[in-house]
Amino acid sequence: MTDTTPLASSHSRGESSGPPLLEVTDLKKHFQVQSKGLFGGQEKWLHAVDGVHFELHKGEALGLVGESGCGKSTAARTIVGLYPATSGSVRFDGRELTTLSPSQWRPMRRRIQMIFQDPYASLDPRQTVASILGEPLKIHGIGRPARRKIHAMALLEAVGLNPRHIHRYPHEFSGGQRQRIGIARALALEPELIVCDEPVSALDVSIQAQVLNLLGELKERFGLSYLFIAHDLAVVRHLCTRIAVMYLGRIVEIADRDELFANPTHPYTRALLSAIPEPDPERERTRQRIVLQGDVPSPIDPPSGCPFHPRCPKYAATPDARCTSLIPPLEPASPGSRHEFACHLERGPA
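Here goes a summary of the coordinates provided. (Residues numbered from 1 in each chain as written. Predicted model: local features only at pLDDT ≥ 70, side-chain atom pairs only at ≥ 80, totals over all residues. Heavy atoms only, no water.)

**Comments concerning the overall build of the protein chain**
Where we set the bar: The helix count covers DSSP runs of H or I at least four residues long, the strand count covers runs of E at least two residues long, and both are numbered beginning at the N terminus. Here the radius of gyration uses the C-alpha set of atoms, whereas the globule reference equals 2.2 Å times the residue count to the power 0.38. Per-residue accessibility, obtained with a 1.4 Å probe over protein chains only, is compared with the maximum for each type, and a residue is labelled buried under 20%, exposed over 50%, and partly exposed between these values.
Within the protein chain one finds twelve helices and twelve strands. In terms of C-alpha radius of gyration, the protein chain reaches 22 Å, essentially the compact-globule figure of 20 Å for 350 residues. For the protein chain, the spread of C-alpha atoms along the three principal axes comes to 70 × 60 × 45 Å. In the protein chain, which comprises 350 residues, the proportion classed as buried is 47%.

**Digging into empty space enclosed by the protein**
Empty space among the atoms becomes apparent when a probe as large as a water molecule is rolled across them. The condition that has to hold: Two kinds of site are reported from a 1 Å grid over the protein atoms alone, namely cavities, where a 1.4 Å probe fits but cannot get out, and pockets, open sets with protein on both sides within 12 Å along at least five of seven lines, and residues are called lining when an atom falls within 4 Å of a point. Grid points are joined across faces, edges and corners, and a volume is the space filled by probe spheres set on the points. Side-chain classes are defined by residue name, with Ala, Val, Leu, Ile, Met, Phe, Trp, Tyr, Cys and Pro counting as nonpolar, Asp, Glu, Lys and Arg as charged, and the others, Gly among them, as polar.
Within this structure, the stated rule accounts for two cavities of 30 Å³ or more. The calculated volume of the second largest cavity comes to roughly 50 Å³. Taken together, His266, Cys306, His309, Cys312, Cys323, Cys343, His344 and Leu345 form the lining of the second largest cavity. Tallied by class, the residues present in the lining of the second largest cavity amount to five nonpolar, three polar and no charged.

**Focus: the pattern of salt bridges**
Put simply, the rule reads: Take a side-chain nitrogen of Lys or Arg and a carboxyl oxygen of Asp or Glu: if they are within 4 Å of each other, that pair is a salt bridge.
Overall, the coordinates contain 17 salt bridges when judged by the stated rule. Note that Arg111 is salt-bridged to Asp93, the shortest N-O span being 2.7 Å. In this pair, Arg111 sits in the loop between helix H2 (102–108) and strand E6 (112–115) while Asp93 sits in the loop between strand E4 (87–92) and strand E5 (95–96), placing the two residues 18 residues apart along the sequence. With its nearest N and O atoms 3.9 Å apart, the salt bridge here joins Glu331 to Arg347. With Glu331 in strand E11 (residues 331–332) and Arg347 in the segment after strand E12 (340–341), the pair connects residues that are 16 residues apart, well separated along the chain. With relative accessibility at 34%, the residue Arg347 sits in the partly exposed group. Because the salt bridges share partners, they merge into one network encompassing Glu60, Arg242, Asp256 and Arg338.

**What to know about the environment of Arg347**
This is how it is decided: Polar contact is the term for a pair of N or O atoms within 3.5 Å; when the atoms are in protein, one must be able to donate a hydrogen and the other to accept it, and sequence-neighboring residues count only if both atoms are side-chain atoms.
Taking the C-alpha atoms as reference points, Arg347 and Gln117, 230 residues apart in sequence, are found 37 Å from one another. Looking at Arg347, its side chain comes within polar contact range of the main-chain oxygen of Phe341, at 2.9 Å.

**Comments concerning the nonpolar core**
Rule in force here: Residue types Ala, Val, Leu, Ile, Met, Phe, Trp, Tyr and Cys, when buried and joined through side-chain atoms within 4.5 Å, form a set referred to as a nonpolar core. A contact between two residues is defined here by any heavy atoms of the two lying within 4.5 Å.
With 56 residues, the main nonpolar core has Phe228 and Leu233 as its most contacted residues. In terms of residues, this core owes the most to one element, helix H6 (residues 205–222), which gives six residues. With near-sequence residues (within four places) excluded, Phe228 lies in contact with Leu62, Gly63, Leu64, Cys196, Pro199, Leu212, Leu215, Val235, Val236, Leu239 and Cys240. If you look at the next biggest cluster of nonpolar residues, it comprises 31 residues, including Leu56, Val80, Trp105 and Ala244.

**Some details on the sheet that holds strand E3 (residues 61–65)**
The following threshold applies: Following DSSP output, two strands are said to pair if at least two bridges run between them. Lines fitted to the C-alpha atoms define the axes, with helices restricted to the stretch that makes contact. Angles between their N-to-C directions range from 0 to 180 degrees.
Within the open sheet, the eight strands sit side by side as E6-E7-E8-E3-E9-E10-E12-E11. Their pairing is mixed. The open sheet terminates on both sides in strands that have one partner only, identified here as E6 and E11. The strands touched by helix H5 (residues 175–187) are E6 and strand E7 (193–197); relative to E6, the strand with the most contacts, the crossing angle is about 175 degrees.

**Structural notes on the packing of helix H3 (residues 129–139) against H5**
To be explicit about the condition: The cut-offs work like this: below 35 degrees is roughly parallel, past 145 is roughly antiparallel, 65 to 115 is roughly perpendicular, and the gaps in between are oblique. A crossing counts as left-handed when the near helix is turned anticlockwise from the far one by less than a right angle, and as right-handed when that turn is clockwise.
Relative to each other, H3 and H5 sit at 25 degrees, their axes nearing to 8 Å. Regarding the angle of H3 to H5, the classification is roughly parallel. Remark: the crossing between H3 and H5 carries right-handed chirality. Across the interface between the two elements, Val129, Ile132, Leu133 and Pro136 from H3 touch Ile181, Ala184 and Arg185 from H5. The class makeup of the residues in the contact of H3 with H5 is six nonpolar, no polar and one charged.

**Quick look at the layout of surface pockets**
Estimates place the volume of the largest pocket at around 420 Å³. Lining the largest pocket are 18 residues, and of these Arg109, Gln113, Met114, Phe116 and Arg185 lie nearest its centre. Every element with two or more residues in the lining of the largest pocket is listed here: E6, H3 and H5. Here the lining of the largest pocket is built from residues that sort into ten nonpolar, four polar and four charged.

**So, the pairing of strand E9 (residues 242–247)**
Among the six residues in E9, six count as buried, and that is most of the element. With burial as the criterion, each face of E9 is covered, one bearing Arg242, Ala244 and Met246 and the other bearing Ile243, Val245 and Tyr247. One ladder, built from four bridges, connects E3 with E9; its direction is parallel. What sits directly across from Leu64, in E9, is Ala244. As paired strands, E9 and strand E10 (residues 250–256) are joined by six bridges and run antiparallel to one another. Considered in E10, the bridge of Arg242 is made with Asp256. Counted along the chain from E9 to the antiparallel partner E10, the turn is two residues long, and its residue Leu248 has a positive phi close to 50 degrees.

**Looking at the packing of H3 against helix H4 (residues 145–158)**
Axis separation between H3 and H4 bottoms out at 9 Å; the angle between their running directions is 115 degrees. Classified by chirality, the crossing of H4 by H3 is right-handed. Listed contacts from H4 to Val129, Leu133, Gly134, Leu137 and Lys138 of H3 are Arg148, His151, Ala152, Leu155 and Leu156. Classifying every residue of the contact of H3 with H4 by side-chain character gives six nonpolar, two polar and two charged.

Here is the structure:
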């Protein structure tokens, strides 16, 4: 950190049409589990992330949505190196991340940061805000103590908190204020990419809107790119320019935000969109809700073929042998289209 104005951003604003900043290819993360039986344990594998593909460009906000347990947060933590990948590739600005050692990851932490879901658990209760915000700078050997304090105060101001509260402890703040501190900590090293792991799901609805607006303002101000994890499509619609829908460890549809809401193709995406309440009472009364039958299959023993077929209304109406035997690839809706989906039935007969 130099002695220039704190938080002076060097990133360009807006989305880039050049090479992707983040490129994820066939990413898998499997956890080994042990099933206890009558004659001893049997090793099994939990397929948390099972072949994820997507790209994220500079200045873009990509939403990753799906039901709880679909692998969104595991994918995020694998991308940022908190979990080692089982297989696949994660390339950031052209550099492979899955093969980096801890020492090689260290300089990358300045470019990739993360905002965690729980604002109460993610902040050390024994540290003041000054220490929390100054610690990333200290770890990376940036600036002297006096400059770190100035930088921390500027960070608090950037996220809408009073800089004079820098010597307070986390318990002296509300949940929304704590999440703002978590956002400030993610900004401390002036990263290019921030992975937001459900950053508003633990907050009250009124506070959610404030934090989402703040994230949008910071994105424009500092030229940030976001990978935004959520289970609420209405939330990602507010912030994200593209949306990827995930089910049982796989992305089943990805498209520009307006295209996804106007023309959802995968049956699972349609079910998620049908669950969004309408603000107009008349439209809410006539809204056709798609209620999925059954529970999400276990990632320890996923179904053969398409992972969604046991709950798919379209498969129930018109069964197809491909759905139970072949995993549908994630392919463009038309040649060259940015709208991709993975469904045998929507593509028509084989």
